[in-house]
Amino acid sequence: MNRLFQPLQVKGMQIKNRIVMSPMCQYSADQDGRVTDWHRVHYPARAVGGVGLVIVEATAVQANGRISSRDLGIWHDDHIAGLAEIVRLVKANGAAIGIQLAHAGRKAEKDVPGVHEAPSAIPFSDAYETPTALDLQGIAEVVSNFQQAAVRAGKAGFDVIEIHAAHGYLINQFLSPLTNRREDEYGGDPDKRFRLLKEIVLAVKEVWQGPLFVRVSAEEYHPDGNHIEQYVDYAKRLKELGVDLIDASSGAVVPYRIDAYPGYQVPLAEKIRQGAGIATGAVGLITTAAQAEEILQKDQADLIFLGRELLRNPYWPLHAGRELEAPDNIPQQYLRAF
Ligand SMILES: Cc1cc2nc3c(=O)[nH]c(=O)nc-3n(C[C@H](O)[C@H](O)[C@H](O)COP(=O)(O)O)c2cc1C
């Protein structure tokens, strides 16, 4: 029997299959971070295509924490109505829906208004501003903004929250010794570098009872950065804090070349799953039903996150269902085509 089309139960919520639409910035919000017609078509289309869980792109908890000036935002109550509409349309078409809460930190592009914040005043590259090192009050505000964003995500009706702690954005900048040169209680040893993420998880959990995922860059590649062993340790701590799943991505903390090949990040999901005993999501150059099925059969991950393949083919899950001889998942309106 196939695994890809077996439902997964997380904290009382059911995901109908193991196929997740990986969060992908669309750079299509309006100047104030609001949903546009692009999102109203883009996300529900993947629900029609049979995805089990759609995760909405990195959505900024602060205006100055956007990656680009066209990112979605969730820093104001005005954002709730637009997001609630996406939630309604996706759920009406049979998928569960999550949102990735994000703060870009020093990786906010130059045209993002406001002070760009980071643990330490080190720019990502010449293309970026030199960020301002957060003081303790600024850190407390970041934690509070993640919490308020979680409240708004609840009001909008999301099923899942994913905290973006990967790809060299603010939380990752605190976790990594490459970017965190602080000498206070938020920097130094792995324990102190973990403190911001820990406070954010605890603050979100005060206001959010649903499934909570965390995306990490489980390998930073640079020799002086964090490696998978450190992230197995962090995953154990996140499990203790009540996080439900680790979404195991990698890289982008500092400019560094990565050799990517099919399934290149799957061993990270597997090591965290085995080493920390927590559910994981595998992501990165997963493109075929057989490959996705094999990852699940080998117990390397619990969910399969698809990025670019779902941009190319929103109906991927429908074809995968046929290939794996799963019970029919074709919308009845499309049956005559299959
Ligand atoms: C257009 C685009 C936008 C992305 N935006 C995000 C994002 O908002 N948050 C995130 O965690 N990853 C983001 N990613 C990374 C994807 O979620 C995924 O991890 C990556 O593309 C590897 O998976 P794939 O080989 O299936 O595409 C983005 C990738 C693409 C191609």
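Residues numbered from 1 in each chain as written. Predicted model: local features only at pLDDT ≥ 70, side-chain atom pairs only at ≥ 80, totals over all residues. Heavy atoms only, no water.

Participant: How would you sum up the overall build of the protein? Please name residues and give values.
Facilitator: Of regular secondary structure, the protein possesses eleven helices and 13 strands. In terms of overall dimensions, the protein is globule-like: its C-alpha atoms have a radius of gyration of 19 Å, near the 20 Å expected for 338 residues. Oriented by its inertia axes, the alpha-carbon framework of the protein measures out at about 60 × 40 × 35 Å. Expressed as a percentage of the 338 residues in the protein, the buried residues total 59%. In the protein, of all internal contacts separated by at least 6 residues, the share reaching a separation of at least 24 is 69%. Looking at the protein as shown, the accessible area adds up to about 13,500 Å², and 49% of this sits on carbon and sulfur atoms. Distance between charge centroids for the protein: 3 Å, based on 35 positive and 42 negative side chains. (Helix = DSSP H or I, 4+ residues; strand = E, 2+ residues; numbered from the N terminus. Rg over C-alpha atoms; globule rule 2.2 N^0.38 Å. Buried < 20%, exposed > 50% of the residue type's maximum accessible area, 1.4 Å probe, protein only. Contact = heavy atoms within 4.5 Å. Areas by Shrake-Rupley, 256 points an atom, 1.4 Å probe, with all protein chains shown as cover. Lys, Arg positive; Asp, Glu negative; His and termini not counted. Charge placed at Lys NZ, Arg CZ, Asp CG, Glu CD.)

Participant: Help me get a handle on the layout of surface pockets, residues and values and all.
Facilitator: By volume, the largest pocket amounts to about 680 Å³. If you trace the largest pocket, you find 32 residues lining it, with Pro23, Met24, His167, Arg215 and Arg308 closest to the centre. For the lining of the largest pocket, the secondary-structure elements that each account for two or more residues are strand 13 (303–306) and helix 10 (308–312). The element contributing the most residues to the lining of the largest pocket is helix 10, with four residues. Split into classes, the residues belonging to the lining of the largest pocket amount to 16 nonpolar, eleven polar and five charged. For the second largest pocket, the calculated volume is near 340 Å³. Around the second largest pocket, the lining comprises 18 residues; the ones closest to its centre are Lys16, Gly50, Leu318, Asn329 and Pro331. Split into classes, the residues belonging to the lining of the second largest pocket amount to eight nonpolar, eight polar and two charged. (1 Å grid on protein atoms, 1.4 Å probe; cavity = no way out; pocket = protein on both sides within 12 Å on 5 of 7 lines; lining within 4 Å. Points joined across faces, edges and corners; volume = space filled by probe spheres on them. Nonpolar A, V, L, I, M, F, W, Y, C, P; charged D, E, K, R; others polar.)

Participant: Let's hear about helix 8 (residues 266–276): which residues, and what values?
Facilitator: Turning to helix 8, its buried residues number three or more, namely Val266, Leu268, Ala269, Ile272 and Ala276. One face of helix 8 carries all of its buried residues, which in axial projection span an arc of 165 degrees. In this structure, the buried residues of helix 8 make contact with helix 7 (228–240), strand 11 (245–249), strand 12 (279–283) and helix 9 (289–297). Positioned one or two residues after helix 8, Gly277 has a phi angle of 65 degrees, which is positive. (Arc of directions from axis to C-beta.)

Participant: I'd like to hear about the side chain of Asn64, residue by residue, with values.
Facilitator: For Asn64, the location among the structural elements is in the loop between strand 4 (53–60) and strand 5 (72–73). Polar contacts involving the side chain of Asn64 include one to the side chain of Gln62, which spans 2.8 Å. Looking at Asn64, its side chain comes within polar contact range of the main-chain oxygen of Val115, at 2.9 Å. Every residue in contact with Asn64, bar those within four places of it in the chain, is listed here: His103, Ala108, Val112, Pro113, Gly114, Val115, His116 and Glu117. (Polar contact = N/O pair within 3.5 Å; in protein donor to acceptor, adjacent residues only side chain to side chain.)

Participant: Any chance you could break down the site of the ligand for me, citing the residues and the numbers?
Facilitator: Ser22, Pro23, Gln100, Leu285 and Arg308 are the nearest of the 15 residues found near the ligand. Pro23 places a polar main-chain atom, nitrogen or oxygen, 2.8 Å from an oxygen atom of the ligand. Here an oxygen atom of the ligand sits 2.9 Å away from a polar atom, N or O, in the main chain of Gly307. If the ligand stood free it would expose 610 Å²; the protein chains cover 82% of that surface. Here the ligand occupies the largest pocket. (Near = heavy atom within 4 Å. Sits in = over half its atoms within 2 Å of the grid points.)

Participant: Which residues make up the packing of aromatic side chains, and what are the values?
Facilitator: By the definition in use, this model includes six aromatic pairs. Ring geometry for Phe124 against Tyr128: centres 5.4 Å apart, planes inclined by 85 degrees, an arrangement best described as edge-to-face. Ring centres 5.6 Å apart and planes at 75 degrees place the aromatic pair Tyr231 and Tyr234 in the edge-to-face group. One end of the pair, Tyr231, and the other, Tyr234, are both in helix 7, three residues apart, so they sit about a helical turn from each other. Using a relative accessible area of 2% as the deciding quantity, one classes Tyr231 as buried. (Phe/Tyr/Trp six-rings, centres within 6.5 Å; stacked < 30°, edge-to-face > 60°.)

Participant: Requested: an account of the packing of helix 3 (residues 136–156) against helix 6 (residues 195–207), with residues and values cited.
Facilitator: Axis separation between helix 3 and helix 6 bottoms out at 8 Å; the angle between their running directions is 35 degrees. Considering only the axes of helix 3 and helix 6, their crossing is right-handed. Of the residues in helix 6, those touching helix 3 at Ile139, Val142, Val143, Phe146, Gln147, Ala150 and Val151 are Leu196, Glu199, Ile200, Ala203, Val204, Glu206 and Val207. (Axes fitted to C-alpha atoms, helices over the stretch in contact; angles between N-to-C directions. Left-handed = near helix turned anticlockwise from the far one by under 90°.)

Participant: Tell me about the environment of Arg312, residues and numbers included.
Facilitator: Turning to its location among the elements, Arg312 is positioned in helix 10. What makes Arg312 exposed here is its relative accessible area of 57%. Separated by ten residues in sequence, Arg312 and Arg322 have C-alpha atoms that sit 18 Å apart. Of note is the side chain of Arg312, whose polar atom sits 2.8 Å from the side chain of Glu309.

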